[in-house]
Amino acid sequence: PSAAALVKRRVWLASCGVWHTAVVTDYGQVVTWGTGDQGQVGHGNKEACLSPKLVVGFQVSEELGEEPIKYVACGQFHSAAVTDKGSVFTWGKGEVGQLGLGPSNLGSYKPARVPGLQDIVQVAVAPLCSAAVSRSGQLWMWGRGLLLAQDAPNGMEHKDSYDPRPVDRLR
């Protein structure tokens, strides 16, 4: 569909990053625009996108194809989305693990599925970290920051996490 056709569809969720914006349509599609120099708009390149453009690539498996998106969040240089079935996809800059794709994948110009997360209902992103909440209320965090750690003496640990980790102290 053309960008003009997408704009005519009803937008039911929006998120604004520092330099880019993402919306979810009533069809479960993600449309983004803005600065793309770190891949944060998810169009497969580093180019800016001045008008709304459909993001593709939310494929969980070949059998299932693309899943509809129900939630999206924009950070400074990365974005995240939650599918209808609870999978999480991230894209953009991930040098300290904020994409949750492991230490060997520090950036993605298009959506990539975050392994290890399922049944997620919401995601939040900040400049250097990300968080997700499962249907059961489990909080997951990854990226840079002060993480709640069950084994740390004072209950907190300052380190980067390149993969989602459960925050058990809040269960």
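The structure we're discussing is the one just above.
Description of the structure in this document.

So, how was this worked out
Residues numbered from 1 in each chain as written. Predicted model: local features only at pLDDT ≥ 70, side-chain atom pairs only at ≥ 80, totals over all residues. Heavy atoms only, no water. Buried < 20%, exposed > 50% of the residue type's maximum accessible area, 1.4 Å probe, protein only. Helix = DSSP H or I, 4+ residues; strand = E, 2+ residues; numbered from the N terminus. Pairing = 2+ DSSP bridges. Salt bridge = Lys/Arg side-chain N within 4 Å of Asp/Glu carboxyl O.

We now examine the pairing of strand 8 (residues 78–83). Summarising burial for strand 8: six of the six residues are buried, a large majority. Neither face of strand 8 is open: one carries H78, A80 and V82, the other S79, A81 and T83, and all of them are buried. Both strand 7 (residues 69–74) and strand 8 contribute to a ladder of five bridges, which runs antiparallel. Looking at the pairing, A73 lines up with A80 of strand 8. A loop of three residues connects strand 7 with strand 8, the two strands running antiparallel in sequence. Here five bridges tie strand 8 to strand 9 (residues 88–93), and the two strands are oriented antiparallel to one another. Bridge pairing in strand 9 links V82 to V88.

In this section: the pattern of salt bridges. Applying the stated criterion to the full structure yields three salt bridges. Where D26 meets R10, a salt bridge forms, and the shortest distance between an N and an O atom there is 3.8 Å. One end of the pair, D26, is in the loop between strand 2 (20–25) and strand 3 (30–34); the other, R10, is in the loop between helix 1 (3–8) and strand 1 (11–16), and 16 residues separate them in sequence. Taking relative accessible area as the criterion, D26 reaches 37% and is therefore assigned partly exposed. Notably, a salt bridge pairs R135 with D119, separated by 3.1 Å at the nearest N-O pair. Taken together, the residues span a long stretch of sequence, with R135 in the loop between strand 12 (129–134) and strand 13 (139–143) and D119 in the loop between strand 10 (107–113) and strand 11 (120–125) at a distance of 16 residues.

The values are spatial; any link to function lies outside them.
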